[in-house]
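Close look at the chain arrangement
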Amino acid sequence: MDGLLAFLPVVLYIVAITLLVVLIILAVKLIDTIELANKVLSDIEKKSNSLNGFFGVIDMLTDTLSFVSDNVVTGIVSGISKIFSGKNKYRKGRKKEEDYDE
């Protein structure tokens, strides 16, 4: 029993040292992985910044097209409403004449 009491702490120390070494190795690998991910993210950021001008031009173009199409639609609707409002005025004037005739 005395031999077991002397042997058990040595086994626990060996297991603890092994665990500590494994954790240190995993931490170093994790640091390498984080550095690699940081490089990839930096590269993506550089590429996306180079495309900002392109997206700005596309945004300006879509805004301009939207403005032009809104003006065209407004003009068409205005023309159609003038045509129908002219017919309505003609009909109203005609009804008034019929009322006076009676």
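Everything below is about the structure printed above this text.
Residues numbered from 1 in each chain as written. Predicted model: local features only at pLDDT ≥ 70, side-chain atom pairs only at ≥ 80, totals over all residues. Heavy atoms only, no water.

1. Concerning the overall build of the protein
Across its full length, the protein holds 2 helices and 0 strands. Relative to its full complement of 102 residues, the protein shows a buried share of 0%. Of the roughly 9,600 Å² that the protein leaves accessible, carbon and sulfur atoms contribute 70%. (Helix = DSSP H or I, 4+ residues; strand = E, 2+ residues; numbered from the N terminus. Buried < 20%, exposed > 50% of the residue type's maximum accessible area, 1.4 Å probe, protein only. Areas by Shrake-Rupley, 256 points an atom, 1.4 Å probe, with all protein chains shown as cover.)

2. Looking at the packing of aromatic side chains
Applying the stated criterion across every chain, the model contains 1 aromatic pair. Judged by centre distance (5.9 Å) and plane angle (55°), the rings of Phe 54 and Phe 55 are tilted. (Phe/Tyr/Trp six-rings, centres within 6.5 Å; stacked < 30°, edge-to-face > 60°.)

3. Here's the deal with a nonpolar patch on the surface
A contiguous nonpolar surface patch, about 680 Å² in accessible area, is contributed by Phe 67, Val 68, Val 72, Ile 76, Ile 80, Ile 83 and Phe 84. Position of Phe 67 relative to the elements: it lies in helix H2 (residues 52-101). Judged by its relative accessible area of 53%, Phe 67 falls in the exposed class. (Patch = residues over 30% accessible without salt bridge, like charges linked within 9 Å, V, L, I, M, F, W, Y side chains within 5 Å. Salt bridge = Lys/Arg side-chain N within 4 Å of Asp/Glu carboxyl O.)

4. Topic: the pattern of salt bridges
Pairs can form between side chains of opposite charge once their charged atoms are near each other. The tally for this structure, following the rule as stated, stands at 1 salt bridge. For Asp 43, the salt bridge identified is with Lys 47, shortest N-O distance 3.5 Å. Of this pair, Asp 43 and Lys 47 both sit in helix H1 (residues 2-50), 4 residues apart, which is roughly one turn of that helix.

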